[in-house]
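Residues per chain are reported as follows:
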Amino acid sequence: MADQSSDSSLQSVSRGASFFMAGKGLDNGLRFLLNWVLVRGLGGMLFSVYTLGLVILTFAQVFTNLGTNQAIMKFVPKYNDDPLKRRRMLGLSYLTSLVGGVTVGVGIYIAAPWITQFVDPEYQPYFTDVLRVFAFLLPLDTLISCFGSLFKSLEMPEYQVFIRNILTPLLRVVGVSVALLLGFAVIGTVAATVVATVIVFCLAVWLIVEKAGLKPKLGASRKELVEFYDFSLPLTATQTGQVLASKVDLLMVGFLAGAYITTQDAVGIYKIATVLAGILLLPLSAFSQLFPPIASRLYNNGKMDDLESLYRRITRWTFTLGLFPAIGATIYAHELLVLFSDSFAQEGTSVLLLLVVAQFANASVGPSGYVLMMTDHHYLTLVNQWLLGVCNVVMNYLLIQQFGLIGAAIATATTIVSINALRIIQVWYTERLFPYSRRYFKPVFAGAISAAVMVGTKTVLEGYVTGLGSNAVVAFIHGAVGGVLGLAAFAGVLYLLGIEQEDRDFFADNLPT
């Protein structure tokens with residue numbers, strides 16, 4: 001019975017993951033294209049200005065959201081049998097996000113000239129206007145994020161994927177491209193981004209009304225207010241710590257670039273390295289789409305064996321699916337950055353390598369953070385996120401002064417690896433759940449063979465493709481040929497070593513024939 005329940009939960013998670021993998025794959029491609037268009041259209045320095053403005057909004061969104069995303073995924077499935085309470089919790093989420101978004105957006109608009117004083121002097125002529133235009137994104141983007149969480153909690157991942165991973169990046173690519181073709185500079189591209197978000201918001205509202213079938217209701221009782229904010233407000237602090245632990249590096253590069261980093265493209269280089277390394281998180285992000293509400297349900301129903309089985313299998317899958325892109329990004333780090341700019345490759349290769357290590361550590365621990373959160377250990381996640389977040393700020397400040405751009409990558413990679421090691425320990429200590437076994441030998445061996453194939457291919461091609469075109473063309477040929485052969489080797493070795501029986505049974509039962 002436990003195996004059947006576990007497979008049923010895994011089927012729901014896998015359904016969400018399949019939609020998300022398809023959507024996020026397209027999302028990654030579109031965001032890659034968006035960043036490529038921005039770098040080529042604006043140049044490295046103005047792209048850095050655009051990126052730094054978005055990073056500040058990322059920090060601000062923690063306070064506009066106030067943990068409502070996770071609260072939706074917690075309370076909507078929890079009160080499935082109490083429709084009225086469910087609607088009041090949803091109404092409280094929307095109202096909290098709207099008030100937070102407007103309040104923080106107005107604050108950023110007013111404070112923009114003051115914030116501008118602290119950025120690289122090269123950015124200052126543009127930054128106040130950029131930040132003020134971006135401030136209009138906050139309430140819209142916060143509510144769009146809530147809509148996505150509602151679809152996730154209702155186990156309707158296709159709509160969340162459509163809104164966040166297809167519609168949003170697609171309209172931003174179109175808007176920014178049109179702005180650049182019309183001759184607009186950085187302010188025009190920011191305005192185009194805001195217009196694209198307005199369109200996404202309108203379409204998201206329509207989808208919520210038509211498809212979700214769950215209308216929010218105001219008028220939560222005092223008991224419900226306490227229950228909601230007792231969960232969401234600690235998560236706000238947790239998410240703040242998470243941002244400090246994982247994103248403060250880019251912010252500090254922007255604020256310290258003028259004094260300690262020689263290149264004015266520093267933020268842009270670091271942003272592209274972050275985007276490329278972030279591809280490794282695609283499998284983890286995919287399986288995490290429906291994992292939180294299902295984990296919450298299993299835990300609340302006392303089905304810990306099912307939760308452990310789900311946790312173990314998803315962690316092994318995210319490790320396996322993240323391993324090949326990690327190896328490929330390591331071998332072809334220089335070539336990936338050359339696609340954007342030769343100067344990006346000269347300054348950013350070491351940064352990319354360190355961030356790849358960090359993000360592979362993320363992929364390797366599976367949904368451990370969500371396991372802690374959905375088993376009522378959100379105060380524990382608050383403590384360790386803030387501890388590590390503060391350490392990341394201190395390390396970035398010291399290492400950027402000492403080593404420049406590479407110092408930020410060293411600090412953040414160290415912090416992310418530490419966070420994930422700590423999560424594994426905490427999950428074991430609090431719930432006695434552990435995701436690893438000898439079954440990891442097969443993907444590790446397959447990864448070693450694929451690495452040898454890609455290194456050999458790169459060495460052989462070197463004498464044939466040099467001089468065939470620009471550096472970007474040569475880099476593309478290297479990456480395309482080596483990537484295809486490496487992927488074939490990785491998949492082939494996994495197949496020859498044998499697919500795990502539990503995976504065979506699961507896919508035989510759930511894949512269409």
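What counts and how
- Residues numbered from 1 in each chain as written.
- Predicted model: local features only at pLDDT ≥ 70, side-chain atom pairs only at ≥ 80, totals over all residues.
- Heavy atoms only, no water.
- Helix = DSSP H or I, 4+ residues; strand = E, 2+ residues; numbered from the N terminus.
- Contact = heavy atoms within 4.5 Å.
- Patch = residues over 30% accessible without salt bridge, like charges linked within 9 Å, V, L, I, M, F, W, Y side chains within 5 Å.
- Areas by Shrake-Rupley, 256 points an atom, 1.4 Å probe, with all protein chains shown as cover.
- Salt bridge = Lys/Arg side-chain N within 4 Å of Asp/Glu carboxyl O.
- Buried < 20%, exposed > 50% of the residue type's maximum accessible area, 1.4 Å probe, protein only.
- Polar contact = N/O pair within 3.5 Å; in protein donor to acceptor, adjacent residues only side chain to side chain.
- Axes fitted to C-alpha atoms, helices over the stretch in contact; angles between N-to-C directions.
- Parallel < 35°, antiparallel > 145°, perpendicular 65-115°, else oblique.
- Nonpolar A, V, L, I, M, F, W, Y, C, P; charged D, E, K, R; others polar.
- Expected span 1.5 Å × (residues − 1).
- Bend = angle between axes of the 7 residues up to and from the residue.
- Phe/Tyr/Trp six-rings, centres within 6.5 Å; stacked < 30°, edge-to-face > 60°.
- Lys NZ or Arg CZ within 6 Å of the ring centre and 35° of its normal.

Draft legend 1. Quick peek at the environment of Tyr126. Structurally, Tyr126 can be placed in helix α4 (residues 124-134). Residues Tyr126 and Leu46, spaced 80 residues apart in sequence, show a C-alpha to C-alpha distance of 8.5 Å. Leave out the neighbours within four places in its chain, and Tyr126 touches Met45, Leu46, Val49, Val186 and Ile187.

Draft legend 2. Molecular detail of the side chain of His478. Tracing the backbone shows His478 in helix α20 (residues 471-497). When sequence neighbours within four positions are dropped, the list of residues in contact with His478 reads Tyr332, Glu335, Lys458, Leu461, Glu462, Val465 and Gly483.

Draft legend 3. Focus on a nonpolar patch on the surface. A contiguous nonpolar patch, built from Leu98, Val102, Val106, Tyr109, Ile110 and Phe136 and spanning about 580 Å² of accessible area, is present on the exposed surface. Locating Leu98 in the fold gives a position in helix α3 (residues 83-116). Here Leu98 falls in the partly exposed class, since its relative accessible area comes to 39%.

Draft legend 4. Structural view of unusual backbone geometry. The backbone of Arg432 sits at a positive phi, close to 60°, despite the residue not being glycine. Residue position: Arg432 is located in the loop between α18 (405-431) and α19 (441-465).

Draft legend 5. Broad picture of the pattern of salt bridges. On inspection of all chains with the given rule, the structure shows three salt bridges. A salt bridge links Glu227 to Lys85, with the nearest nitrogen and oxygen atoms 3.3 Å apart. Of this pair, Glu227 sits in helix α8 (residues 222-246) while Lys85 sits in helix α3; the two residues are 142 residues apart in sequence, bridging distant segments of the chain. Residue Lys85 is classed as buried on the basis of its relative accessible area, which comes to 12%. For Glu335, the salt bridge identified is with Lys458, shortest N-O distance 3.4 Å. Of this pair, Glu335 sits in helix α14 (residues 333-338) while Lys458 sits in helix α19, placing them 123 residues apart in sequence.

Draft legend 6. Structural detail: the environment of Gln401. When you line up the elements, Gln401 lands in helix α17 (residues 378-403). The partly exposed category is assigned to Gln401, whose relative accessible area is 32%. Taking the C-alpha atoms as reference, Gln401 lies 25 Å from Ser341; in sequence the two are 60 residues apart. Of note is the side chain of Gln401, whose polar atom sits 3.1 Å from the backbone oxygen of Tyr397.

Draft legend 7. Looking closely at the environment of Ser149. With respect to the element layout, Ser149 can be found in helix α5 (residues 137-153). Ser149 sits in the buried class, given a relative accessible area of 4%. The spacing of Ser149 and Arg164 is 15 residues in sequence and 10 Å in space, taken between C-alpha atoms.

Draft legend 8. Structural detail: the packing of helix α13 (residues 304-331) against helix α15 (residues 342-364). Viewed as axis vectors pointing N to C, α13 and α15 meet at an angle of 170°, and their least axial separation amounts to 8 Å. As the angle between them shows, α13 and α15 are arranged roughly antiparallel. The segment α13 lies against α15, with Thr315, Thr318, Phe319, Gly322, Leu323, Ala326, Ala329 and Thr330 engaging Leu353, Val356, Phe360, Ala363 and Ser364. Considered class by class, the residues forming the contact of α13 with α15 number eight nonpolar, five polar and no charged.

Draft legend 9. Examining α13 more closely. Over its 28 residues, α13 runs 40 Å from end to end, which matches the ideal 40 Å to within 8%, given 1.5 Å per residue. Of all the bends in α13, the greatest reaches close to 30° and is centred on Leu323; the proline Pro325 follows between one and four positions later. Across the 28 residues of α13, 21 count as buried, placing the element largely inside the fold.

Draft legend 10. Here's a closer look at the packing of aromatic side chains. Evaluated as defined, the whole model comprises 15 aromatic pairs. Between Phe324 and Phe490, the aromatic rings sit 5.8 Å apart at their centres with planes inclined by 35°, giving tilted as the arrangement. A residue pair is termed long-range when its members are at least 10 positions apart, and Phe324 in helix α13 and Phe490 in helix α20 qualify at 166 residues. Relative accessible area serves as the criterion here: at 6%, Phe490 is assigned to the buried category. Seen in terms of ring centroids, Tyr436 and Tyr440 are 5.3 Å apart; in terms of plane orientation they differ by 70°. Their pairing is edge-to-face. By relative accessible area, Tyr436 is classed as partly exposed at 28%. On the basis of relative accessible area, Tyr440 is assigned to the buried category, the value being 8%. What links up through ring pairs into an aromatic cluster is the set Phe319, Phe360, Trp428, Phe434, Tyr436 and Tyr440. The ring of Trp428 carries the charged tip of Arg432 above its face, separated from the ring centre by 5.0 Å.

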